[in-house]
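Below, each chain spelled out in residue letters.
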Amino acid sequence: MGTAVPRPEGPEKVRGRAPYAFEHPAAEPLYLFPVQAAIARGRVTAIDTSAADALDGVVLVLTPETAPRLSDAIDPDHGVLQSAQVHQHGQYVAAVVATTSETAREAAELVRVTYAQEPHVAALDEDSPELYGPDTLVTGAPSDDTRGDPDAALAQAAVTVRATYRTSMEHHQPMEPHTTVAVWEGGRLVVHEATQAVSWTRQTLAGAFGLAEDDVDVVAPHVGGGFGSKGGTHPNTVLTALVARAVPGRTVKYALTRQQMFDLVGYRPATIQHVALGADADGRLTAITHDVVEQSSRIQEFVEPTAAFSRGMYEADTRRTSHRVAPLDIGVPTYMRAPGEAPGSFGAECAMDELAVALGVDPIELRVRNEPEVDPEEGLPYSSRNLVACLRRGAELFDWSRRDPTPRSRLVDGWWHGSGVAAATFPVVRFPGSEARVRAARNGVAGNGSGAPRYVVEIAASDIGQGAWAALTAIAADALDVPVERIDLAIGDTAFGSASPAGGSSGTTSWGAAITEAAERFRDKYGDDPDDGDAADATTPDNPWAGEYAMHAYGAHFAEVAVHADTGEIRVPRMLGVFAAGRIVNPLTARSQFLGGMTMGLSAALHEESVLDDRFGHVVNRDLAGYHIATCADVGRMDVEWLDEDDPYVNPMGSKGIGEIGIVGAAAAIANAAHHATGVRVRSLPITLDAFL
């Protein structure tokens with residue numbers, strides 16, 4: 001660990017020999033294409049499949065009347081083709097199965113559906129009479145949290161900032177869309193799936209079809225991006241397995257189109273954030289309030305933990321965070337990189353910048369003055385907290401001391417230039433239940449029959465591009481005290497037992513701890529010269545320091561923004577991220593993770609917005625021509641640095657998650673830099689040129 005370990009699967013990916021879910025070979029597979037609802041709410045009153053049935057190559061057309069039945073215990077969102085009720089535009093109302101994907105798609109267009117339409121609500125409105133206060137956030141934390149009397153403290157504060165910030169609905173756009181390949185073999189269901197969590201997918205499918213978990217196999221050795229959307233199981237997976245059940249013994253394949261990615265596999269919900277900060281004349285916070293209104297689905301609650309960012313970031317005598325939800329007749333939201341922290345940091349860190357301007361204090365110094373001694377939310381000491389060090393190091397690298405704090409003071413060749421900063425944090429997340437197995441292999445495929453043994457390490461982890469293949473190989477090599485060349489890692493298959501998801505920046509912490517424990521047991525039992533087949537198992541051990549320390553990663557984002565004086569065009573020529581995230585297991589892939597997060601933050605800041613037509617309840621810019629994401633041309637100079645941080649309390653490796661902290665605060669830094677460049681304060685994302693005209 002700590003050295004650059006190349007991706008062991010890299011050569012096979014470059015050669016096209018690393019199969020993704022849809023590429024799983026099958027003899028004479030069938031292809032699925034869905035028929036989707038054209039209304040946002042109502043009922044299907046009739047379905048005419050005659051034209052589709054007559055098309056050569058069509059095997060069957062499933063409707064709510066002909067589809068196999070699912071368990072009554074499933075989530076409402078997973079009840080595909082179980083009733084005539086329509087709860088969102090794009091919902092599956094029928095499915096065509098054919099011998100080619102082209103035939104299935106053509107036949108689906110021939111299916112005629114008649115509806116009885118009902119009134120619907122699809123637009124987020126903070127004055128909605130249906131607004132309610134949920135009990136908990138999706139993380140399980142309380143929806144609301146109040147310490148002291150923040151309203152009274154705000155009234156008495158020497159300086160106050162009150163502002164409303166908005167973030168748009170965003171949709172995940174991994175290179176690999178959601179795909180499923182399913183086959184029923186007797187009473188068993190075998191699924192090749194684009195998923196971040198093979199075990200969670202198995203649990204969902206077993207529950208949906210009334211099976212024991214051992215009767216479901218889910219395989220996903222390679223996944224082409226996920227960003228949260230592939231963390232949970234969505235209706236497309238259930239639909240594919242349902243269709244496969246109607247043609248037992250035949251393999252059914254379904255790959256979502258890019259347009260369908262906007263319908264039924266989740267999104268980051270839009271938010272309206274009311275933030276108020278009160279401070280004394282020296283800039284020390286006396287009150288923080290962060291009250292959020294956001295959207296969810298009427299049929300299934302998902303509460304983005306947007307305001308949770310403000311619960312532990314800075315010291316303040318009083319604080320209030322709250323969430324109110326508007327239930328809409330649209331799809332169910334889901335996790336998206338840094339759920340809660342990404343949108344919440346935009347409101348909170350922009351408000352800190354506004355407070356710095358109001359006080360006439362450098363925005364870095366303001367953050368330093370409000371550094372807490374213990375965690376404000378939990379009251380615990382920190383296992384390590386190096387936010388100030390990140391800010392100081394970033395200021396040095398970004399040449400912050402030469403910055404003129406006056407907004408709209410630097411015009412270069414017709415472009416206003418400015419710089420901004422924002423802080424970042426993400427908790428150390430550790431999921432229980434991951435099972436790891438270490439086995440010695442002196443013979444057979446994994447061994448060479450002589451000399452030093454090789455070690456097969458099995459765990460049902462998922463590599464979604466973050467570098468799990470390399471990181472877990474390095475962890476296993478260190479734990480077994482052998483070179484990485486003697487480790488044969490096997491991941492992404494429920495045959496290896498249960499494992500937590502690749503999500504919440506928890507993978508290395510959870511899986512690595514299980515592998516380390518299994519390796520220690522192996523060496524205690526067999527030493528360094530095992531026999532072929534010797535093996536040891538372990539699950540992720542409990543952390544003895546849990547509840548004793550608050551554990552978080554921290555970072556600081558710096559951005560330079562240029563805004564054209566005549567057109568309002570905005571560019572970001574330079575970004576810097578400095579992070580304190582424990583021990584960096586693999587610098588090679590870690591740098592990519594940080595850069596990826598920062599780029600995704602830039603994308604949210606300048607481009608990403610799912611435009612919903614509330615008349616019909618669907619997103620209108622539903623492809624990559626209309627839904628813009630950052631490309632290479634949008635990314636100027638990006639630099640990443642991390643601090644050497646020793647934290648023995650977080651896990652046996654001393655590592656913290658890095659997949660999400662790169663996006664947290666990135667959009668705020670860009671918005672703060674845009675204000676410094678132009679004097680215009682933009683409080684909604686994405687930031688577009690019309691804001692400066």
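Structure: see above.
Quick caveat: nothing in here was measured; it's all calculated off a predicted structure. (Residues numbered from 1 in each chain as written. Predicted model: local features only at pLDDT ≥ 70, side-chain atom pairs only at ≥ 80, totals over all residues. Heavy atoms only, no water.)

Considering the environment of Gln-300
Assignment of secondary structure puts Gln-300 in the loop between strand E14 (285-297) and strand E15 (318-328). Spatially, the C-alpha atom of Gln-300 lies 42 Å from that of Pro-11, the residues being 289 residues apart in sequence. When residues no more than four places from it in sequence are discounted, the contact partners of Gln-300 are Asp-75, Pro-76, Asp-77 and Val-332. (Helix = DSSP H or I, 4+ residues; strand = E, 2+ residues; numbered from the N terminus. Contact = heavy atoms within 4.5 Å.)

Some points on the sheet that holds strand E12 (residues 252-255)
By way of backbone hydrogen bonds, the strands of a sheet pair with one another, either parallel or antiparallel. Strand order in this open sheet of 7 strands is E3-E5-E1-E12-E9-E10-E11, and the pairing throughout is mixed. If you trace the sheet from one side to the other, it starts and ends with strand E3 (58-62) and strand E11 (216-219), each paired once. Strand-to-strand twist in this sheet, taken as the mean axis angle between neighbours without regard to direction, amounts to 20°. For strand E1 (residues 30-36) and E12, the ladder comprises 2 bridges, and the chain directions are parallel. Bridging from a neighbouring strand, Leu-30 pairs with Val-252 of E12. Its contacts with the sheet place helix H5 (residues 198-209) against strand E9 (179-185), strand E10 (188-193) and E11, and it is angled at close to 145° to E11. (Pairing = 2+ DSSP bridges. Axes fitted to C-alpha atoms, helices over the stretch in contact; angles between N-to-C directions.)

Looking at the pattern of salt bridges
Tallied over the entire structure, the rule returns 41 salt bridges. Residues Arg-324 and Asp-144 are paired through a salt bridge, measuring 2.9 Å at the closest nitrogen-oxygen approach. Placement of Arg-324 in strand E15 and of Asp-144 in the loop between strand E6 (112-117) and strand E7 (145-147) is noted, with a sequence separation of 180 residues between them. Overall, the relative accessible area of 30% leaves Arg-324 in the partly exposed class. Here Lys-656 and Glu-645 are joined by a salt bridge, their closest N and O atoms 3.0 Å apart. Residue Lys-656 is located in the loop between strand E27 (637-642) and helix H13 (666-678), and its partner Glu-645 is located in the loop between E27 and H13; the two are separated by 11 residues in the primary sequence. Taken individually, Lys-656 and Glu-645 each receive the classification buried, so the pair is uniform in this respect. (Salt bridge = Lys/Arg side-chain N within 4 Å of Asp/Glu carboxyl O. Buried < 20%, exposed > 50% of the residue type's maximum accessible area, 1.4 Å probe, protein only.)

Side note on helix H11 (residues 507-526)
Because the α-helix completes a turn every 3.6 residues, residues three or four places apart line up on one side. A rise of 1.5 Å per residue sets the reference length of H11, with its 20 residues, at 28 Å; its end C-alpha atoms lie 28 Å apart and thus fit the reference within 8%. Phi turns positive one or two residues past the end of H11, at Gly-527, with a value near 70°. (Expected span 1.5 Å × (residues − 1).)

Quick word on the packing of helix H7 (residues 341-359) against H13
In the contact formed by H7 and H13, the axes pass within 8 Å of each other and the chain directions differ by 35°. Between H7 and H13 lies a crossing of right-handed hand. Where H7 abuts H13, its residues Ser-345, Phe-346, Glu-349, Cys-350, Asp-353 and Val-357 lie against Ala-667, Ala-668, Ala-671, Asn-672 and His-675. Class assignment of the residues belonging to the contact of H7 with H13 gives a composition of 6 nonpolar, 3 polar and 2 charged. (Left-handed = near helix turned anticlockwise from the far one by under 90°. Nonpolar A, V, L, I, M, F, W, Y, C, P; charged D, E, K, R; others polar.)

What about the pairing of E11?
Here E10 runs beside E11; their pairing, made up of 4 bridges, is parallel. Bridge assignment links His-192 to a residue of E11, and that residue is Val-219. The handedness of the E10 to E11 crossover, carried by H5, is right-handed. (Right-handed = clockwise from strand over helix to strand, strands pointing away.)

Quick notes on the packing of helix H10 (residues 468-480) against H11
The interhelical angle for the contact between H10 and H11, taken along N-to-C directions, is 30°, at an axis separation of 9 Å. With respect to each other, H10 and H11 are oriented roughly parallel. The element H10 and its partner H11 pack so that their crossing is right-handed. The residues of H11 that touch H10, namely those facing Ala-468, Ala-471, Leu-472, Ile-475, Ala-476, Ala-479 and Leu-480, are Thr-508, Trp-511, Gly-512, Ile-515, Thr-516, Ala-519, Phe-522 and Arg-523. (Parallel < 35°, antiparallel > 145°, perpendicular 65-115°, else oblique.)

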